[in-house]
Amino acid sequence: MKIYRILLIGLLATFSLSSAAALTVEQTKQLADIEQILQRNPQVIENLHSTLRMYEQQVNRFEQVLKDNQAYLYNNPDHPSFGAQNPELTLVFFTDYSCPWCKKLDPVLHELVKRYPTVKVVSVLVPLKELDSPVNSASYALNLWQMDQQKFTQADELLVKKPGAHNPQSLLQVAQKTDTSQALNTQEKTQQQLAKNYQLFSELGLNGTPALLIGQQIIPGYLPLDKLEPLIREKLAK
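These figures come from a predicted structure and were not determined experimentally.

Draft legend 1. Representation of the overall build of the chain. Scanning the chain from terminus to terminus reveals ten helices and five strands. Relative to all contacts within the chain whose residues are 6 or more apart in sequence, the contacts with residues 24 or more apart total 76%. Summed over its atoms, the accessible surface of the chain is roughly 13400 Å², and 53% of this surface lies on carbon and sulfur atoms.

Draft legend 2. Main features of the pattern of salt bridges. For the structure on display, the rule yields four salt bridges. Here R115 and E111 are joined by a salt bridge, their closest N and O atoms 3.0 Å apart. Of this pair, R115 and E111 are both found in helix α5 (residues 100-115), four residues apart, which corresponds to roughly one turn of the helix. The exposure class of R115 is partly exposed, given its relative accessible area of 42%.

Draft legend 3. A look at the packing of helix α7 (residues 149-161) against helix α8 (residues 168-178). Running from amino to carboxyl end, α7 crosses α8 at an angle of 140 degrees, the nearest separation of the two axes being 10 Å. Between α7 and α8, the interaxial angle falls into the category oblique. As α7 packs across α8, the resulting crossing turns out to be right-handed. For the pair formed by α7 and α8, the contact residues are K151, Q154, A155, L158 and L159 on the first element and L171, V174, K177 and T178 on the second.

Draft legend 4. Looking closely at helix α2 (residues 25-40). Here α2 contains 16 residues, and its C-alpha end-to-end distance of 23 Å stays within 8% of the 22 Å for a straight helix at 1.5 Å per residue. Along α2, the positions that sit buried rather than exposed are Q27, I34 and L38. For α2, the angular spread of buried residues about the axis comes to 35 degrees, placing them on one side. Those residues of α2 that are exposed and aimed more than 90 degrees away from the buried face are V25, K29, Q39 and R40.

Draft legend 5. Just the side chain of T90, in detail. On the secondary structure map, T90 appears in strand β2 (residues 89-95). Residues within four places of T90 in sequence aside, it is in contact with Y74, K120, V122 and L213.

Draft legend 6. Geometry of unusual backbone geometry. A cis geometry characterises the amide bond from T209 onward to P210, with omega recorded as 0 degrees. Looking at where P210 falls in the secondary structure, it is placed in the loop between α9 (188-203) and β4 (211-214). One non-glycine residue, D179, lies in positive phi territory at about 55 degrees. Looking at the secondary structure, you find D179 in the loop between α8 and α9.

Here is what the cut-offs are and how they apply
Residues numbered from 1 in each chain as written. Predicted model: local features only at pLDDT ≥ 70, side-chain atom pairs only at ≥ 80, totals over all residues. Heavy atoms only, no water. Helix = DSSP H or I, 4+ residues; strand = E, 2+ residues; numbered from the N terminus. Contact = heavy atoms within 4.5 Å. Areas by Shrake-Rupley, 256 points an atom, 1.4 Å probe, with all protein chains shown as cover. Salt bridge = Lys/Arg side-chain N within 4 Å of Asp/Glu carboxyl O. Buried < 20%, exposed > 50% of the residue type's maximum accessible area, 1.4 Å probe, protein only. Axes fitted to C-alpha atoms, helices over the stretch in contact; angles between N-to-C directions. Parallel < 35°, antiparallel > 145°, perpendicular 65-115°, else oblique. Left-handed = near helix turned anticlockwise from the far one by under 90°. Expected span 1.5 Å × (residues − 1). Arc of directions from axis to C-beta.

Here's what the structure looks like:
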């Protein structure tokens with residue numbers, strides 16, 4: 001099983017969720033090494049073949065979900081966004097106001113769009129920690145985005161700054177500070193959007209927030225600016 005895991009990691013390293021491209025010199029060498037290992041250990045081939053088929057199906061499913069929902073994710077005015085109006089690069093940010101790592105990544109993304117004014121960030125809100133609450137931080141924020149985007153910016157900053165998860169009391173405090181209590185009321189359109197967000201989150205195979213979608217590449221979890229910035233520069237250079 002140890003050999004099998006090594007082979008699987010090696011083979012999966014030659015794949016990505018981006019478009020197919022020619023193999024690099026290093027990948028060609030790795031494939032040659034893998035072929036030799038498989039010839040010496042034919043007993044692992046069947047399981048490895050099955051696992052790779054499953055992986056390939058997941059990749060195809062991921063790409064189809066992106067294709068079917070391109071406009072919803074990237075060109076949907078119902079999603080909160082910041083940065084360039086006519087971007088060269090758009091990042092889709094799956095986020096949750098009750099997620100501590102999302103709160104940590106949020107200022108990184110704001111700094112990023114300051115440094116790269118042709119970048120736009122679209123926030124797809126997924127209230128994983130408040131799913132059982134009919135009025136949650138995500139529904140409140142989406143309602144406010146539709147009502148008054150200037151007020152949304154004020155409330156958004158407060159929602160991100162609060163330590164820990166949100167609850168009805170913390171939302172009421174934010175609403176009172178920003179004079180936006182009307183946005184706490186349940187809206188059918190908002191509930192439908194949140195359901196769609198969660199559906200796509202699941203169909204894309206995401207397991208948690210934060211997660212960034214850049215083109216066809218998913219970057220799960222938190223990345224500091226010095227790690228994220230080179231990826232952005234690379235994408236903008238293409």
